[in-house]
Amino acid sequence: MGIDFYYIAGSTPCRSVLMTCKAAGVELNLKGVDLQNGEQKEAAFTKPSYHICGKYICGKYAPDSPLYPKDLQKRATVDEMMYFDIGHFGKSIGDYVLPQVFRKQPADKEKEASMKEALDKLNRVLEGKQYATGNTLTVADFCLATSLTLADAVPVQYNLKPWNNVATWFQRMKNLPYFTECNKAYYEFAKKMTSK
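This one's a predicted model, so the numbers in the text were calculated from it and none came from an experiment.

(A) The arrangement of the overall build of the protein chain in detail. Per the secondary structure count, the protein chain includes seven helices and two strands. Its C-alpha atoms give the protein chain a radius of gyration of 16 Å, near enough to 16 Å, the size a compact globule of 196 residues would have. Considering only C-alpha atoms, the protein chain reaches an extent of 45 × 45 × 25 Å along its principal axes. Across the 196 residues of the protein chain, 45% fall into the buried class. Long-range pairs, those at least 24 residues apart, make up 74% of the contacts in the protein chain with a sequence separation of at least 6. As displayed, the protein chain offers around 10,600 Å² of accessible surface, 51% of which is attributable to carbon and sulfur atoms. The averaged location of the 21 negative side-chain charges in the protein chain is 3 Å from the averaged location of its 26 positive side-chain charges.

(B) Here's a closer look at the environment of S195. Along the chain, the position of S195 falls in helix α7 (residues 179–195). A sequence separation of 135 residues divides S195 from K60, and the C-alpha atoms of the two residues are 42 Å apart.

(C) How the structure looks around the pattern of salt bridges. All told, the structure shown has seven salt bridges when counted by the stated rule. The partner of K55 in a salt bridge is D79, with the nearest N and O atoms 3.4 Å apart. Linking K55 in helix α2 (residues 50–61) with D79 in helix α3 (residues 72–102), this pair joins segments that are 24 residues apart in sequence. Residue classification places D79 among the buried positions, given a relative accessible area of 15%. Note that K184 is salt-bridged to E188, the shortest N-O span being 3.8 Å. Note that K184 and E188 are positioned in helix α7 at a spacing of four residues, about one turn of the helix. On the basis of relative accessibility, which here comes to 45%, the residue E188 falls in the partly exposed class.

(D) Region of the structure containing α7. An ideal rise of 1.5 Å per residue puts 24 Å on 17 residues; α7 measures up with 24 Å between its terminal C-alpha atoms. Along α7, the sharpest change in direction is near 30 degrees and occurs at A185. Buried residues along α7 sit against α1 (12–24), α3, α5 (139–152) and α6 (164–174).

(E) Quick peek at the pairing of strand β2 (residues 28–32). Judged from the five bridges that link them, strand β1 (residues 3–7) and β2 form a sheet pairing that is parallel. Bridge pairing in β2 links D4 to N29. Each parallel crossover has a hand, and for β1 linked through α1 to β2 it is right-handed.

(F) How the structure looks around unusual backbone geometry. A positive phi angle is found at K104, which is not glycine, with a value near 55 degrees. In this structure, K104 sits in the loop between α3 and α4 (109–125). Residue K104 is classed as partly exposed on the basis of its relative accessible area, which comes to 46%. With phi around 40 degrees, Q157 is a residue other than glycine that occupies positive phi space.

(G) Layout of the confidence of the model for the protein chain. With 90% of its residues at a pLDDT of 70 or more, the protein chain shows a mean pLDDT of 90. When mean pLDDT is taken per element in the protein chain, α6 scores highest with 98 and β1 scores lowest with 83.

(H) Layout of the packing of aromatic side chains. For the coordinates displayed, the defined rule picks out ten aromatic pairs. Centre to centre, the rings of F142 and Y178 are 6.3 Å apart; their planes meet at 70 degrees, and the pair counts as edge-to-face. Of the two residues, F142 sits in helix α5 while Y178 sits in the loop between α6 and α7, which places them 36 residues apart along the sequence. In this pair, the class of F142 matches that of Y178, namely buried. Plain terms: the ring middles of W169 and F170 are 6.2 Å apart, the flat faces sit at 35 degrees to each other, and that makes the pair tilted. On the basis of relative accessible area, F170 is assigned to the buried category, the value being 3%. An aromatic cluster is built from F102, Y186, Y187 and F189, whose rings are joined through pairwise contacts.

Scoring rules and cut-offs
Residues numbered from 1 in each chain as written. Predicted model: local features only at pLDDT ≥ 70, side-chain atom pairs only at ≥ 80, totals over all residues. Heavy atoms only, no water. Helix = DSSP H or I, 4+ residues; strand = E, 2+ residues; numbered from the N terminus. Rg over C-alpha atoms; globule rule 2.2 N^0.38 Å. Buried < 20%, exposed > 50% of the residue type's maximum accessible area, 1.4 Å probe, protein only. Contact = heavy atoms within 4.5 Å. Areas by Shrake-Rupley, 256 points an atom, 1.4 Å probe, with all protein chains shown as cover. Lys, Arg positive; Asp, Glu negative; His and termini not counted. Charge placed at Lys NZ, Arg CZ, Asp CG, Glu CD. Salt bridge = Lys/Arg side-chain N within 4 Å of Asp/Glu carboxyl O. Expected span 1.5 Å × (residues − 1). Bend = angle between axes of the 7 residues up to and from the residue. Pairing = 2+ DSSP bridges. Right-handed = clockwise from strand over helix to strand, strands pointing away. pLDDT = per-residue confidence, 0-100. Phe/Tyr/Trp six-rings, centres within 6.5 Å; stacked < 30°, edge-to-face > 60°.

See the structure below:
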C-alpha cells in the first residue's frame, strides 16, 4: 500500500519527488491535481518544498537509504547542494528557460549569464565525482537534474559541452532506469508548448 502523492505530472518539484521515491523503493498512489479547476486550493492539498519532501520521504520511509545519509557531515553536503539548487541553480535555469517555453520570448542574455554561472559552479563541484555530493546518488541529484531538464527540453535544448562534468553527470542521471518515466511528461509538455 503506497502513500498518497498529489502531483502535477510535468512539474519540476513533483518529478524530483517521483525520482526520489523510485530510488528509495517507496510506492506511491499518484493523485493528479487539476490546476485549471483550482484543486491545488483544496485543504487536502499542500505544497511544501520538494527539497523538504525528498528528505522527509527518505527519513520516514527509507531511513537507512544513502539518498539522504544519516551521517551529519554527508547530510550537510547534500543539504548544501539542495540549497544551491533552490537559491541559484534551479532558479537561474527557470528564469532563463520558462519565458521561452510559456511566453515564446527570445533568450535573455543576462538570464543566460546567470545560468552559465550556476553551470560553472556545478561543473566545479562535480570534478572527480559521479554525483553532486560524491560517488553516491542522493536526493540533491534529483533536485539538480530535474532543474536541468528545463534547459534540456525543446525549445532550448541547451548545449552542455562547455561543462563536461555537468554533461557527463546529467547523462548518468538520464541513464537511471526511472528517469524517462518520471520526466517524460515535462519533455512532452515543452514540445507541445513549442508547437503552439
